[in-house]
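The lines below spell out each chain.
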Amino acid sequence: MSSPPTGLPALAAKIRRCTWCDLSGSRTHAVPGEGPRNARLVLVGEAPGRNEDAEGRPFVGLAGRVLDEALARAGISRTRTFITNTVKCRPPGNRRPRAKELAACRPYLLAQFAAVRPSAIVTLGQSAAKDVLGPSASLATTRGRWTDFGGTPVLATYHPAAILYNRRLFRILVADLRKARQRMEAG
Ligand code: SF4
């Protein structure tokens, strides 16, 4: 396993042919993430799902539609954010990524942060919060509050898929994204 390259196009190309963990054996397409290099906001989800695996793009299924709606309500343009996941390949059956898979894929996430250098990072869901902020982070203690990751402000919030099961969380997701918009505008 070597270091990931720098620069988003080279990173995406490397991710698409990556075999650093077992998820490479079950994926249809790796999902590097997408968005402009000068994005002010990076959104980090957990892992690609069925639709994302089929298309090779992040957040294109039902949860993606929830995210699009929440971003629009918060006044954030999806095309001006960089959207990625903690692991870039779909875990079989949509199970949670395993610790060794998260560890194997983490250099790509860090390289994406370094390439984009956003004003703010928003983690979506418990797994993403733990991957970025550390294993002791939980949504109960970090959601909606700014913390720091290597000098970049990080806000943890709900995963859009959680809204599919509890629509009442949508209002909170939008409120958290509005905080992120304010941070983007300030930074
Ligand atoms: S999940 Fe990440 S580390 Fe594992 S094969 Fe895919 S790109 Fe490589």
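This report concerns the structure included in the present document. (Residues numbered from 1 in each chain as written. Predicted model: local features only at pLDDT ≥ 70, side-chain atom pairs only at ≥ 80, totals over all residues. Heavy atoms only, no water.)

### Section: the environment of Leu11
For clarity, the cut-off: In DSSP terms, a helix is any run of H or I states spanning at least four residues, a strand is any run of E spanning at least two, and both are numbered starting from the N terminus. Throughout, a residue-residue contact means that at least one pair of heavy atoms, one from each residue, lies within 4.5 Å.
Tracing the backbone through its elements, the reader meets Leu11 in helix H1 (residues 8-16). Sequence separation between Leu11 and Leu109 is 98 residues, and the spatial gap between their C-alpha atoms is 9.8 Å. If we skip the residues at most four places from it in the chain, Leu11 touches Pro4, Pro5, Tyr108, Ala111 and Gln112.

### Some thoughts on unusual backbone geometry
Even without a glycine there, the phi angle at Asn94 is positive, about 60 degrees. Mapped onto the secondary structure, Asn94 falls in the loop between strand S2 (81-85) and helix H4 (99-116).

### Side note on the sheet that holds strand S1 (residues 41-45)
The cut-off we apply is this: Think of it this way: DSSP has to see at least two bridges between two strands before they count as a pair. Every axis corresponds to a line fitted to the C-alpha atoms, with the helix fit spanning only the stretch in contact, and the corresponding angles, defined between N-to-C directions, vary from 0 to 180 degrees.
Taken in spatial order, the five strands line up as S2-S1-S3-S5-S4 in an open sheet, and their pairing is mixed. In this open sheet, the two strands that pair with only one neighbour each are S2 and strand S4 (146-149). The average angle at which neighbouring strand axes cross in this sheet is 30 degrees, direction not considered. Strand contacts of H4: S1, S2, strand S3 (120-124) and S4, with the helix running at about 170 degrees to S2, the strand carrying the most contacts.

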